[in-house]
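# Coordinate inspection notes
Listed here are the chains, written in short residue letters.
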Amino acid sequence: MTPLDRPGAAAAVLRLRRAQAAWSAVPIDRRVATLAGVSALWLDDRARLEEAADAVARSTGYAQPMVRECLARGFAAFDGRGLRDAVAEARAWLAGDGRSRARAPRLVAVVLAQNTPGLAIAPTLSALALGSAVAVKSASGEGAFAPRLAGSLAEVDATLGRACEALAWRGGDAAVEDVLFAAADRVVVYGGDAAVTAVRARAGERTVARGPRTSIAVVDAVEPGPDGTAARLAREIAFLDQRGCLSPQAVLAGPGVDAGALGRELAERLRDLEREWPRRPLALGDAGDFRRAVDDAEAAALSARVEALHGGGPGEPWAVVVEREPSLRPSPLDRFVRIHPFADAASLRDALEPLRASLECVGLEAGPDRREALREACREAGAARVCAIGAMQDPPAAWHASGRRPFEELLSWSVAEDRRRPAEPGPERRDAFLRHVAQTSDAPRGIEVASASGCWVHDASGRSWLDLLAGIGVATIGHGRPEVAAAVARQAARYTHVMVYGEDVIEPQVELARRLASLLPESLGVVYFTNSGAEGIEGAIKLARKATGRERILSFEGAFHGDTTGALALGGNPVYREPFRPLLPGMGQIPWNDAGALDRIDASVAAVFAEPVQAEAGVRVPDPGFLPALRARCREVGALLVLDEVVTGLGRTGRWFGFEHWPGAAPDVIVLAKSLGGGLPLGAFAASPELMSVLSHDPPLGHVTTFGGNPVCCAAALAALDVAADEDLPGRAARIGPDLQARLAALVGRGGLVEVRGLGLLLGLEFESADATVRFVERCRERGLLLGWTLHRDRVVRLAPPLVISAEEVAIAVGAIADALG
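The following paragraphs examine the structure supplied in this document. Keep in mind it's a predicted model, so treat the numbers as computed, not measured. Going along each chain's sequence as written, the residues are numbered from 1 onward. Owing to the predicted nature of the model, reporting of local features is limited to residues with pLDDT of at least 70; listing and counting of side-chain atom pairs is limited to 80 or more, with chain, interface and lining totals taken over all residues. With hydrogens and water excluded, all non-hydrogen atoms of the structure serve as input to the side-chain values.

## With respect to the overall build of the chain
What counts as a helix is a DSSP run of H or I of at least four residues, what counts as a strand is a run of E of at least two, and both are numbered from the N terminus. Helices and strands together make up the secondary structure of the chain, namely 29 helices and 27 strands. Structurally, the chain occupies a C-alpha span of about 110 × 60 × 50 Å along its principal axes. For the chain, the residues scored as buried account for 55% of the 822 residues in total. Between two residues, a contact is recorded if the distance between any of their heavy atoms is within 4.5 Å. Restricting the contact set of the chain to residue pairs at least 6 apart, pairs at least 24 apart contribute 73%. Reported accessibility uses the Shrake-Rupley method at a 1.4 Å probe radius. Residues are deemed covered only where the shown protein chains occlude them. About 32700 Å² of surface is accessible on the chain, with carbon and sulfur atoms providing 53% of the total. Under this rule, positive means Lys or Arg and negative means Asp or Glu; His and the chain ends count for nothing. Here the site of a charge means NZ on Lys, CZ on Arg, CG on Asp, or CD on Glu. Of the side-chain charges in the chain, 93 are positive and 104 negative, and the distance between the mean point of each set is 1 Å. Each residue is placed in one exposure class: buried if its accessible area under a 1.4 Å probe, protein chains only, is under 20% of its type's maximum, exposed if it is over 50%, and partly exposed if it falls in between.

## A word on the packing of aromatic side chains
We call Phe, Tyr and Trp rings a pair once their centres come within 6.5 Å, taking the six-membered ring for Trp, and we label the pair stacked below 30 degrees between planes, edge-to-face above 60, and tilted otherwise. Summed over the entire model, instances satisfying the criterion amount to 12 aromatic pairs. With centroids separated by 5.4 Å and ring planes inclined at 80 degrees, the aromatic side chains of Phe 556 and Trp 592 adopt a geometry described as edge-to-face. Of this pair, Phe 556 sits in strand E17 (residues 552-556) while Trp 592 sits in the loop between strand E18 (587-590) and strand E19 (605-610), and the two are 36 residues apart along the sequence. Residue Phe 556 is classed as buried on the basis of its relative accessible area of 1%. Put simply, the rings of Trp 42, Phe 75 and Phe 145 touch in pairs and so form one group of aromatic residues. Placement of a positive charge over a ring is assigned whenever Lys NZ or Arg CZ falls within 6 Å of the ring centre and within 35 degrees of the normal to the ring plane. Of note, Lys 137 hangs over the ring of Trp 169, and the distance from its end group to the ring centre comes to 5.7 Å. Of note, Arg 235 hangs over the ring of Trp 277, and the distance from its end group to the ring centre comes to 4.3 Å.

## Side note on the pairing of strand E21 (residues 669-672)
Note on strand geometry: in a regular strand, side chains alternate between the two faces of the sheet. Of the two faces of E21, the one holding Val 669 and Val 671 and the one holding Ile 670 and Leu 672 are both buried throughout. Pairing analysis gives three bridges linking strand E20 (residues 640-644) to E21, with the strands arranged parallel. Residue Val 642 lies in a different strand from E21, and its bridge partner there is Val 669. Here a strand pair is declared whenever DSSP counts at least two bridges between the two strands. Pairing of E21 with strand E22 (residues 683-687) involves three bridges; the strand directions are antiparallel. By the bridge assignment, Val 671 is partnered in E22 with Phe 685.

## As for the nonpolar core
Leu 35, Leu 128, Phe 145 and Leu 266 are the most contacted members of the largest nonpolar core, which totals 78 residues. Not counting residues up to four positions away in its chain, the partners in contact with Leu 128 are Trp 23, Arg 31, Leu 35, Val 134, Leu 153, Leu 160, Ala 163 and Cys 164. In this description, a nonpolar core means a group of buried Ala, Val, Leu, Ile, Met, Phe, Trp, Tyr and Cys residues linked to one another through side-chain atoms lying within 4.5 Å. Membership of the second largest hydrophobic core comes to 75 residues, among which are Leu 627, Val 669, Ile 670 and Leu 691.

## Let's talk about the pattern of salt bridges
Pairs may arise between side chains of opposite charge once their charged atoms sit close together. Think of a salt bridge as a Lys or Arg side-chain nitrogen and an Asp or Glu carboxyl oxygen that are within 4 Å of each other. For the structure shown, the criterion picks out 54 salt bridges. With its nearest N and O atoms 3.2 Å apart, the salt bridge here joins Arg 329 to Glu 323. You can call Arg 329 partly exposed: its relative accessible area is 41%. Across the pair Arg 793 and Glu 766 runs a salt bridge, and its minimum N-O distance is 2.7 Å. Linking Arg 793 in strand E27 (residues 793-799) with Glu 766 in strand E24 (residues 762-767), this pair joins segments that are 27 residues apart in sequence. Classification of Arg 793 by relative accessible area gives partly exposed; the value is 32%. What you see here is one network of salt bridges that share partners, running through Asp 241, Arg 243, Glu 274, Arg 280, Asp 286, Asp 334 and Arg 335.

## Section: unusual backbone geometry
The residue after Arg 581, namely Pro 582, is reached through a cis peptide bond having omega 5 degrees. Residue Asp 241 is not a glycine yet carries a positive backbone phi of 50 degrees. Asp 241 gets classed as buried once you look at its relative accessible area, which sits at 0%. Residues other than glycine seldom take positive phi values, yet Val 619 does so here, at roughly 55 degrees. Within the fold, Val 619 resides in the loop between E19 and helix H24 (626-637).

## Quick look at the sheet that holds E27
One open sheet accounts for four strands, arranged E23-E24-E27-E26; its pairing is antiparallel. Of all the strands in the sheet, just strand E23 (753-759) and strand E26 (788-790) have a single pairing partner and so form its edges. Ignoring which end each strand starts from, the neighbouring axes of this sheet average 35 degrees apart. Looking at chain direction, E24 and E27 are connected through four bridges and run antiparallel. Of the residues in E27, the one forming a bridge with Leu 765 is Val 797. In the packing of helix H27 (residues 729-745) onto the sheet, contacts are made with E23, E24 and E27, and the angle to E23 comes to roughly 175 degrees. To obtain an axis, a line is fitted to C-alpha atoms, over the contacting stretch when the element is a helix, and the angle between two such axes runs from 0 to 180 degrees between their N-to-C directions.

## Topic: the packing of helix H2 (residues 28-44) against helix H4 (residues 64-77)
For the pair H2 and H4, interaxial distance at closest approach is 9 Å and the crossing angle is 150 degrees. Classified by the angle between their axes, H2 and H4 sit roughly antiparallel to one another. Between H2 and H4 lies a crossing whose hand is left-handed. For the pair H2 and H4, contact is made by Ser 39, Trp 42 and Leu 43 and by Ala 72, Phe 75 and Ala 76, respectively. A breakdown of the residues in the contact of H2 with H4 according to their chemical character gives five nonpolar, one polar and no charged. Comment on the angle field: the value is read as roughly parallel under 35 degrees, roughly antiparallel over 145, roughly perpendicular from 65 to 115, and oblique elsewhere. Helix crossings are classified by the rotation of the near helix relative to the far one: an anticlockwise turn of less than a right angle makes the crossing left-handed, while a clockwise turn makes it right-handed. As a working rule, the residues Ala, Val, Leu, Ile, Met, Phe, Trp, Tyr, Cys and Pro are called nonpolar, Asp, Glu, Lys and Arg charged, and the rest polar, with Gly in that last group.

## Re the environment of Ala 544
Summarising the element assignment, Ala 544 is placed in helix H21 (residues 533-548). Counting along the chain gives 186 residues from Ala 544 to Ser 358, while the straight-line C-alpha distance between them is 69 Å. Those residues in contact with Ala 544, other than ones at most four positions away along the chain, are Gly 549, Ala 606, Ala 607 and Leu 640.

## Digging into the packing of helix H9 (residues 174-183) against helix H19 (residues 482-494)
Running from N to C, H9 and H19 point in directions that differ by 105 degrees, and their axes come no closer than 8 Å. Put simply, H9 runs roughly perpendicular to H19. Residues Asp 178, Val 179, Ala 182 and Ala 183 of H9 form the contact with H19, whose own contacting residues are Pro 482, Glu 483, Ala 485, Ala 486 and Arg 490. Here the contact of H9 with H19 is built from residues that sort into six nonpolar, no polar and three charged.

Right, dumping it as structure tokens:
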């Protein structure tokens, strides 16, 4: 497998999020049946198991028959019955107090930092049963099984197969893990203390830590014979060379047990198993630990500090030490076990108590008269699970484990998240929204948003919506991009705000200005950062008037430049201007896309503000010669040309900037916002050094902002620009936009649709009447599409989806639109 880099990690996240939306829509009973089919595929196909076991054995050194049994046991736990029981347990747990609002994670990252075969089975199938998508990282020494598991999922069901990917990267690679862990709702890590600590440092409370754990065997009665207690106990110890967390690392023998005889027979059984399951070759350090422990036990036996030592000699890669003291002593693993005495339930509990924080499983062999008392003592000492010796390696999928049920661990993150605020039913929260959040209309959309990813918005009821507006042009790189989340987290950890704009050297701000300058013409090489597009427009107004010494400013009929006082004065719809008069004086509008109207621009005009494509006016694309003629007329009379690229900039139209479609249309000033911040509030206006310098004097500090160019927002913007460049989003818009436009144009004549027009992935659907528009938008929403009509042209519906929209999502959109048109 090719190791991931940062772009590869981001691409994987987007694929998995899309796949999760489809997989989670499958009813849970069908998901369970499909996953049971995966287990059956493995259990019924011996050749598949043998081939996988061969590959894992070669990479890990474990005995092939033991690996085969390990894989078979793992899948057997997740057969149809096991999965159904697990889902029933999860539902019962969710019914508990305060948990009714818990929801499954959308993305689970499983990090395997140890070479134990088959570790991927339980977390992967558990998460998939809940409807999550899963990214699995294999350990460096065992990369054979996870890709085979992922491939088998796809064999059974294509939708399921897309919801799980086996990925490879170097553990600790911040470029990859910052992206993946920021995107994952849960990060399940199996490994040593160092691996768990490293993952927790990045994933925080979303980490499910499967660090070092301890299991113990308790023998209070002995069943003799070839399949008796000693034989079963030997297999538990030898399984995975004692490296699995369910293999007993010590034995506690009750007062009725002849510990010496048990030790001798256990050593004999381990000798027999060496032929069936030969111990893997040990690393130099592990071999040294084993040898020193044997030497110490031999010396202790000679001095009678221990009762006996069995094994550990030349050609005997196992050892059994029969101790005299009940206190458990640490031992090396790799088939080395100590037998300690205990007297009763109380002394058993006392012996286990030091292991409370890590006690995974207790295998118990006891007669009926003491079994329950000893079982209770084990639970009181913190045992996550108590079972018979011989069943320690077979926890069921629904296994109860003191909060360690696989499903509960995956679900509990949303319970904890939800408890940070009062649990309100949906109607109460909507009522609070209407009562306390200032409203902008009498009919807000009103979706209670739970999360958003890629091109999808997910509401609190679990419904997913395909967003064809990209949050009104903001989410061009898609919702919930992990690269942006990681950049925000890194910068917020450094500092969030230091000083007002323009006083200190703020690294993300400087780098973002440099990046924008590299994309723009040299004449637009100096950037002033704001909080929004409207603020950028206000700054450009001040710049134009101060730089030219003129008052008049022109814009175009139908234009939209924002809702602050100056920006509103530029707006081309009197419906929105009139209620707020008097507005900024000296403003006027001329007809759009009318070359004859350009004569109204004369030497009294400071600047002309224009959008390369008028979005709110109904997605009106100018004729090929209009913007170059506008540019020429402004230059002729000494007026500045200000292009508002808040909507069209940064790839939306199929070029980095809209003006690039028309040679000779480069502006004197450009205004950016919306998608610039990668989802965070950020705007900018850029001009030449000579023009921009007028804001720095006469007076100094004549145009300042507290939060403009906030370092966290600039870090997010840099990450967003990286995504747009790495994935060539302008190119995607140029390729996908015309195809989508053509497919929609084929629907003209249906449902009142009269025209489809646009540029790149900024499209307008014009209807014969406003009523037809409203009807269409409502029908689209019923079919899971989010779109709306333009502000200044209520007969036009705008489509501006994220530029990452896939072919499958385009097909979903076209199908739903065709259906909505009737």
